[in-house]
Structures are given as structure tokens and as C-alpha cells.
Amino acid sequence: MTEFARRLKQCREKKKSTNSMWTQQYVANKIGMARTTYTAYENGTKLPPLDTVNSIAILLDVTTDYLTGRTDTSIEHTSKKEEAEFEKWKNDPKLDLFFQEFDQADDEKQAALLAVWEVLKKDKN
């Protein structure tokens, strides 16, 4: 069995463990093919064309790189909430000032700032 076949089956079965509708037939219907064709992908006896790999990845909410074994990270994007929180943090003028000053400081001052930060983190706990 290829890595693609193993991961494809694993992803579908993970979804099926929380919702029984995620059968091979369900996935095959969603991507517009016969169940026997989809089953061959899971068994590793056939490889799908790239456009089908892409459709499967979208349906299973994983990356094509994960399905094909190029990475062990299955999620490509952060959630919209995480993106919004990051944008808010990134655009905070107080942080911008801190990071500009930190970046412009020499190595000795950066080390001192990091040491102060470590002390502050310990005080918080």
C-alpha cells in the first residue's frame, strides 16, 4: 500500500469515527466517481489524477502534500479566528515599537531585553 493510500484511508476513517456517513461510497459520491474506483485508491491499486487528489484533499480538509507523504502536517491554513488574532497582534502599535527597537538594538541590549523578559515570565507564574 502506498503512503497516499494509507493516508487517504486514515483520513476518511478518522472522519467516519465522528460521523458514520463518511463511508467509501459517501466520499466517492462527493468527488463524482464510482465507489470501486475510490476503493482502489484506498487499497493502493490505483492512483488518482492530480485534480482528483486536489478534490479529495479539499473534501477531507487536509493538504495534498499530506496525502502524498511530502509532509506530516495535515492542516494547511490556520483558522479565520487565528488569522484575525494574528493580524490584530501584528498591527498593534505598541508591539511594532518594541520589535523595531529590539531589532535595532545591538546584541548586548537584545540579550538584556531577553533576560528581563525571562524574569517577567517567571514572575507571572
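Attention in this report is confined to the structure presented alongside it.

What counts, and at which threshold
- Residues numbered from 1 in each chain as written.
- Predicted model: local features only at pLDDT ≥ 70, side-chain atom pairs only at ≥ 80, totals over all residues.
- Heavy atoms only, no water.
- Helix = DSSP H or I, 4+ residues; strand = E, 2+ residues; numbered from the N terminus.
- Expected span 1.5 Å × (residues − 1).
- Buried < 20%, exposed > 50% of the residue type's maximum accessible area, 1.4 Å probe, protein only.
- Contact = heavy atoms within 4.5 Å.
- Axes fitted to C-alpha atoms, helices over the stretch in contact; angles between N-to-C directions.
- Parallel < 35°, antiparallel > 145°, perpendicular 65-115°, else oblique.
- Left-handed = near helix turned anticlockwise from the far one by under 90°.
- Nonpolar A, V, L, I, M, F, W, Y, C, P; charged D, E, K, R; others polar.
- Patch = residues over 30% accessible without salt bridge, like charges linked within 9 Å, V, L, I, M, F, W, Y side chains within 5 Å.
- Areas by Shrake-Rupley, 256 points an atom, 1.4 Å probe, with all protein chains shown as cover.
- Salt bridge = Lys/Arg side-chain N within 4 Å of Asp/Glu carboxyl O.
- Core = buried A, V, L, I, M, F, W, Y, C linked by side-chain atoms within 4.5 Å.

Over its 16 residues, helix H1 (residues 3–18) runs 23 Å from end to end, which matches the ideal 22 Å to within 8%, given 1.5 Å per residue. Considered for burial, the residues of H1 that qualify are Phe4, Ala5, Arg7, Leu8, Cys11 and Arg12. Next to the buried residues of H1 lie helix H2 (24–31), helix H3 (35–43), helix H4 (50–60) and helix H5 (64–68).

Two elements in contact, H1 and H4, have axes whose closest approach is 11 Å; the angle formed by their N-to-C orientations is 30°. With respect to each other, H1 and H4 are oriented roughly parallel. H4 is crossed by H1, and the crossing has left-handed handedness. Residue-level inspection shows Phe4, Leu8, Cys11, Arg12 and Lys15 of H1 in contact with H4, the latter providing Val53, Ile56, Leu59 and Leu60. Partitioning the contact of H1 with H4 into residue classes produces seven nonpolar, no polar and two charged.

Attention now moves to a nonpolar patch on the surface. Together, Phe86, Trp89, Phe98, Phe99 and Leu113 make up an exposed nonpolar region whose accessible area comes to about 500 Å². Mapped by element, the contributors of at least two residues to the nonpolar patch are helix H6 (80–90) and helix H7 (93–104). Following the sequence through the fold, phenylalanine 98 ends up in helix H7. With relative accessibility at 41%, the residue phenylalanine 98 sits in the partly exposed group.

Any two side chains of opposite charge can pair, so long as their charged atoms come close to each other. Taken as a whole and assessed by the stated rule, the structure comprises six salt bridges. A salt bridge links arginine 7 to glutamate 3; the shortest N-O distance between them is 2.6 Å. Of this pair, arginine 7 and glutamate 3 both sit in helix H1, separated by four residues, roughly a single helical turn. For glutamate 3, a relative accessible area of 30% corresponds to the partly exposed category. Between arginine 70 and aspartate 65 there is a salt bridge whose closest N-O contact spans 3.6 Å. In this structure arginine 70 comes out as exposed when scored by relative accessible area, which is 68%. Members of the salt-bridge network, linked through shared partners, are Glu3, Arg6, Arg7 and Asp72.

Time to look at unusual backbone geometry. Most of the time, phi is negative for any residue but glycine, and the peptide bond is trans. In this structure, aspartate 61 takes a positive phi of about 60° despite not being glycine. Tracing the backbone shows aspartate 61 in the loop between H4 and H5.

Right, let's talk about the nonpolar core for a bit. With 18 residues, the main nonpolar core has Leu8, Tyr38, Tyr41, Ile56, Leu60, Val62 and Leu67 as its most contacted residues. Among the elements of the structure, H1, H2, H3, H4 and H5 are those that each provide at least two residues to this core.

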